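Spelled out from the first residue to the last, the chains are:
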There are 2 protein chains.
Amino acid sequence: MPYFDAASAAPLHPTARQALLASLDEGWADPARLYREGRRARLLLDAARESAAESVGCRPDELVFTPSGTQAVHSGMAGALAGRRRVGRHLVVSEVEHSSVLHTAESFEAEGGEVDRVGVESTGRVPAQAFAAALRADTALACLQSANHEVGTAQPVEEVAEACRAATVPLLVDAAQSLPWGPVPGPWSLLTGSAHKWGGPPGVGLLAVRKGTRFAPRGPADERESGRAPGFGNLPAVVAAAASLRAVRAEAEAEGVRLRELVDRIRLRLPELVDDMEVVGDPVHRLPHLVTFSCLYVDGEALLHELDRAGFAVSSGSSCTSSTLTPSHVLRAMGVLSEGNVRVSLPHGTPATDVDHFLTVLPEAVRAVRARLGAPGAEPPAVEEALVVDALGRRCPIPVIELAKVIDRVPVGGTVTVLSDDEAARLDIPAWCRMREQEYVGEEPAVRGTAYQVRRRV
Amino acid sequence: MPYFDAASAAPLHPTARQALLASLDEGWADPARLYREGRRARLLLDAARESAAESVGCRPDELVFTPSGTQAVHSGMAGALAGRRRVGRHLVVSEVEHSSVLHTAESFEAEGGEVDRVGVESTGRVPAQAFAAALRADTALACLQSANHEVGTAQPVEEVAEACRAATVPLLVDAAQSLPWGPVPGPWSLLTGSAHKWGGPPGVGLLAVRKGTRFAPRGPADERESGRAPGFGNLPAVVAAAASLRAVRAEAEAEGVRLRELVDRIRLRLPELVDDMEVVGDPVHRLPHLVTFSCLYVDGEALLHELDRAGFAVSSGSSCTSSTLTPSHVLRAMGVLSEGNVRVSLPHGTPATDVDHFLTVLPEAVRAVRARLGAPGAEPPAVEEALVVDALGRRCPIPVIELAKVIDRVPVGGTVTVLSDDEAARLDIPAWCRMREQEYVGEEPAVRGTAYQVRRRV
């Protein structure tokens, strides 16, 4: 099943798996202890830190491991803001930052801080000059992502970092999306990342704080990880994270070129294949593996389900797919269409044939959703109004399983008829309908066995 | 190599390893996503939560997974204190809580809160009545561990929980050490645990907040885990944690009886095998697998190294083994000897032969360390009425060794004054007097360090 949602979580890289297994045996003890198991754990931790620091482009003593990218952002921002409290209580962020940055900004505001949110162009790109213009004498911290997680647009981080240095304001770069592709250039002061975005295991983030950056850790004291990430470390996962970052970096150049071509194929072909759709995000300054588009007259959640049925895992920034029923703040900031929104982010190693297959499946999926919604100009749905499932000779629970397998293949209002000669079906099919909130129409004798009719309601 | 430091981190339980491997393949995706991989991850997460909740003795919707036990304590205390801010700003803890509790108490104090620290008996046990007496009308939260992590003493949690309920004060129980052995009884309100203490992987803690407990999550907003544990969850580790908790619980009764006998063997035999040593902690109300003892005239770090060379991994609460050069706050609160301190905590499955081997190795190790330090032997005494020993600049256990060397050189009724600037001396000189039935007169500031006066009684 093609998984096209690497920007949410990448499948575990083989190197990560291998390193994790090895360090489960070698690295479970407390690295602070004096005995052999502890010293061995300490060696593993030190080696992982050196390796990760090299990948990030900082010194090992500038880098700590956190339990997630989100916690790296929370700790990094809170520590930098507290460290420069005397300078001022002003924070600059872009409007399209990850929610972890924006939520920290909100809680900073709630504590009396002042926040400037710099807007973006319709491509999702932050104008470097506008960002620089927001810096003030009392700015304690500025935050800019290296590339946007929803639309893939790369930000002018190097230029902004230079501007921040000139203004003596520390810049925190959320590099979660770009770190697998290369180090972040420029004189940034803090940097955060998240291992499960590059094929490392979940449970590992990283926070780099360059020497000379004022930093005052918040929260209760803890002696681990320079006081910047409390709690017993997740050493096996840390080892796996560092090893896989190194591994994906070794493949990054070649794989970047290859995925960029696949994404270009999607960017070019989709508007030809689907009417009323819009590819969003910067076509040039962008992550190699990510493309986002929106389709008019399409319910994002229904489209996700349609694609899921066709075997494709993608994500969406449409309002119907979020718990808050509001569209993605990124699409809103860009001022682009949010309905029928799909983000495709290709994991390393995605074969070209999967992308080609996607290009044949998507137009059908969009058509099906539009037809169900009675969208203007819709064609008849690519689904059948009535299906017959032959479960003759199959025993409980197979008839019900077969029914459950196909119910989604008829539209709401359509029917599925199950042919069965198993007595249990007489009891179990109506029960399934009750539990699943489907309509049980009734039964009638068939040439062999009994025909049970079910009408799809949900 | 016998590993006797399960209370720091238990080796991965085979069930944990198996579950971790399986869920690396099945559970890497984002459980919040709608596609198949996401739904599969969600099913795994829900099942893990149900299983862990059953082990804890709470409802699944009362339990969240955190990145560590420390973070569970930080979040749990901060959330409960904030949730009852209007009731008051008073916090009750015991003096022997884990550092994560005490550090949170300190940061609460720094923000203007008031903290009462309830002392313990010499066994390390908190008197339930004294704890109850500390509760006030403006007490926002009380915290008591289920069992002590350094000396294994079980606390009267059920009684204290009843007292808290009567006073309508929520009780947070740090159950990190006892959770592998059984659920915590009584009407507690919050409970925390840590998977790597029961053979689960590192990177997983748990926080239960019973319905009806006022709770206001702190820090930036995050939609995961009821807002109580920000960041992308570590699902494979969570699955492994829940599975291994269930597995160790299935073995807990039989294994508890077996390890309790092995620990009793150590408690009984050691004082026969080694002179001038003290087994500390409650002999009855205790964890089954943990025993702590201190040895006079022994440097804890040297003893750890000696045992490590002999193949035994143990831990110590002596000042010379900590980065702060202060003895364990637990031993200090109990008022017992801290020098030459060793904690033995047996992992599940420890063979009896390992314990017997330890009982042959330890006396040799103690002898070797004492010989190197020139501990008191049979030197002919010379008589003076009052002696001053200058131990300035010398670390534990040298000040006590110097005291012991000269005590026979004053007549009964005469005094020895020890000048020391080592923090451990404050605990260890009175403890030595108690063990030797000498009189501890008291301490007073000296030109450098502190003067500790001892009167010879025997």
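Residues numbered from 1 in each chain as written. Chains lettered and ligands numbered in written order. Predicted model: local features only at pLDDT ≥ 70, side-chain atom pairs only at ≥ 80, totals over all residues. Heavy atoms only, no water.

Let us look at the confidence of the model for chain A. Within chain A, residue pLDDT values average 91, and 96% of them lie at 70 or more. Low pLDDT (under 50) marks residues 378-382 of chain A, which in the prediction has seven contacts with non-local residues, meaning those over four places away or in another chain. (pLDDT = per-residue confidence, 0-100. Contact = heavy atoms within 4.5 Å.)

Residues and elements named next belong to chain A. In spatial order, the strands read S8-S9-S10; together these three strands make up an open sheet with antiparallel pairing. Bordering the open sheet on either side are strand S8 (277-280) and strand S10 (342-345), each of which pairs with just one other strand. Geometrically, the sheet is characterised by an average inter-axis angle of 25° between neighbouring strands, direction not taken into account. Across four bridges, the pairing between S8 and strand S9 (residues 290-295) is antiparallel. Note that in S9 the partner of Val280 across the bridge is Thr292. (Pairing = 2+ DSSP bridges. Helix = DSSP H or I, 4+ residues; strand = E, 2+ residues; numbered from the N terminus. Axes fitted to C-alpha atoms, helices over the stretch in contact; angles between N-to-C directions.)

Moving on: unusual backbone geometry. Both trends apply: most residues other than glycine have a negative phi, and most peptide bonds are in trans. Residues and elements named next belong to chain B. A cis amide bond, omega 5°, links Cys396 with the succeeding residue Pro397. By secondary structure assignment, the location of Pro397 is in the loop between strand S11 (386-390) and helix H11 (398-406). A positive phi is found at Asp276, a non-glycine position, where the angle reads about 55°. Relative to the helices and strands, Asp276 is located in the loop between helix H7 (235-273) and strand S8 (277-280). Among the residues examined, Asp276 registers a relative accessible area of 25% and is labelled partly exposed. In this structure, Tyr297 is a non-glycine residue whose phi angle is positive, near 60°. Tracing the backbone through its elements, the reader meets Tyr297 in the loop between strand S9 (290-295) and helix H8 (300-309). (Buried < 20%, exposed > 50% of the residue type's maximum accessible area, 1.4 Å probe, protein only.)

Turning our eyes to something else, we now look at the sheet that holds strand S6 (residues 190-194) of chain A. Residues and elements named next belong to chain A. Strand order in the open sheet made by the seven strands is S1-S7-S6-S5-S4-S2-S3, with mixed pairing throughout. Across the chains shown, the open sheet's two edge strands, defined by having one partner strand only, are strand S1 (63-66) and strand S3 (114-118). Taking the axes of each pair of neighbouring strands and ignoring which way they run, one obtains an average angle of 20° across the sheet. One ladder, built from four bridges, connects strand S4 (residues 139-145) with strand S5 (residues 171-174); its direction is parallel. Paired with Cys143 across the bridge in S5 is Leu172. Across the sheet, helix H2 (residues 36-56) touches S1, S6 and strand S7 (205-209), and the angle it forms with S1 is around 110°.

We now examine the side chain of Glu255 of chain A. Residue position: Glu255 of chain A is located in helix H7 (residues 235-273). In this view, Glu255 of chain A contacts Trp181, Pro347, His348, Gly349 and Thr350 of chain A; residues no more than four positions away in its chain are not counted.

Attention now goes to helix H6 (residues 157-166) of chain B. Residue and element names in this part refer to chain B. Burial in H6 covers these residues: Val157, Val160, Ala161 and Cys164. With its buried residues spanning 105° around the axis, H6 presents them on a single face. Residues of H6 that are exposed and point more than 90 degrees away from the buried face comprise Glu159 and Ala166. Packing partners of the buried residues in H6 comprise helix H5 (128-134), strand S4 (139-143) and strand S5 (171-174). Once H6 ends, the next one or two residues include Thr168, with phi positive near 50°. (Arc of directions from axis to C-beta.)

Our next topic: the environment of Arg265 of chain A. Note that Arg265 of chain A resides in helix H7. Taking C-alpha positions, Arg265 of chain A is 47 Å from Gly83 of chain A, a pair spaced 182 residues apart along the chain.

What follows is about the side chain of Ser244 of chain A. Residues and elements named next belong to chain A. Along the chain, Ser244 turns up in helix H7. At 2.8 Å, the side chain of Ser244 and the backbone oxygen of Ala240 are in polar contact. Contact partners of Ser244, with chain neighbours within four places excluded, come to His13, Thr15, Ala16, Trp198, Gly199 and Gly200. (Polar contact = N/O pair within 3.5 Å; in protein donor to acceptor, adjacent residues only side chain to side chain.)

With that settled, the discussion passes to H11 of chain B. All names here are of chain B. Burial within H11 is extensive, with seven of its nine residues counted as buried. Listing the buried residues of H11 in full gives Ile398, Pro399, Val400, Ile401, Leu403, Ala404 and Val406. Where the residues of H11 are buried, they touch helix H10 (352-373), S11, strand S12 (415-420), helix H12 (425-436) and strand S14 (450-455).

A few words on the interface of chain A and chain B. Opposite the 52 residues of chain A that make contact, chain B presents 52 residues. Taking both partners together, chain A and chain B bury about 4,400 Å²; carbon and sulfur atoms supply 63% of that area. When the area that chain A buries against chain B is broken down by residue, the three leading residues are Trp28, Leu34 and Tyr35 of chain A, summing to 15%. Counting the contacts that link chain A with chain B gives six salt bridges. Its salt-bridge partner being Asp308 of chain B, residue Arg39 of chain A comes within 2.6 Å of it at the nearest N-O pair. Run the count over chain A and chain B and you get 19 residue pairs in polar contact (both at pLDDT 80 or more). (Buried area = accessible area lost by both parts, 1.4 Å probe. Salt bridge = Lys/Arg side-chain N within 4 Å of Asp/Glu carboxyl O.)

As a further point, take the domain arrangement of chain A. Interface size is often expressed as the accessible area that is lost when the parts come together. If you check the domain split of chain A, you get domain 1 (14-248), domain 2 (253-372) and domain 3 (386-455). Between domain 1 of chain A and domain 3 of chain A, the C-alpha centre-to-centre distance is 54 Å. (Domains from an automatic or database assignment.)

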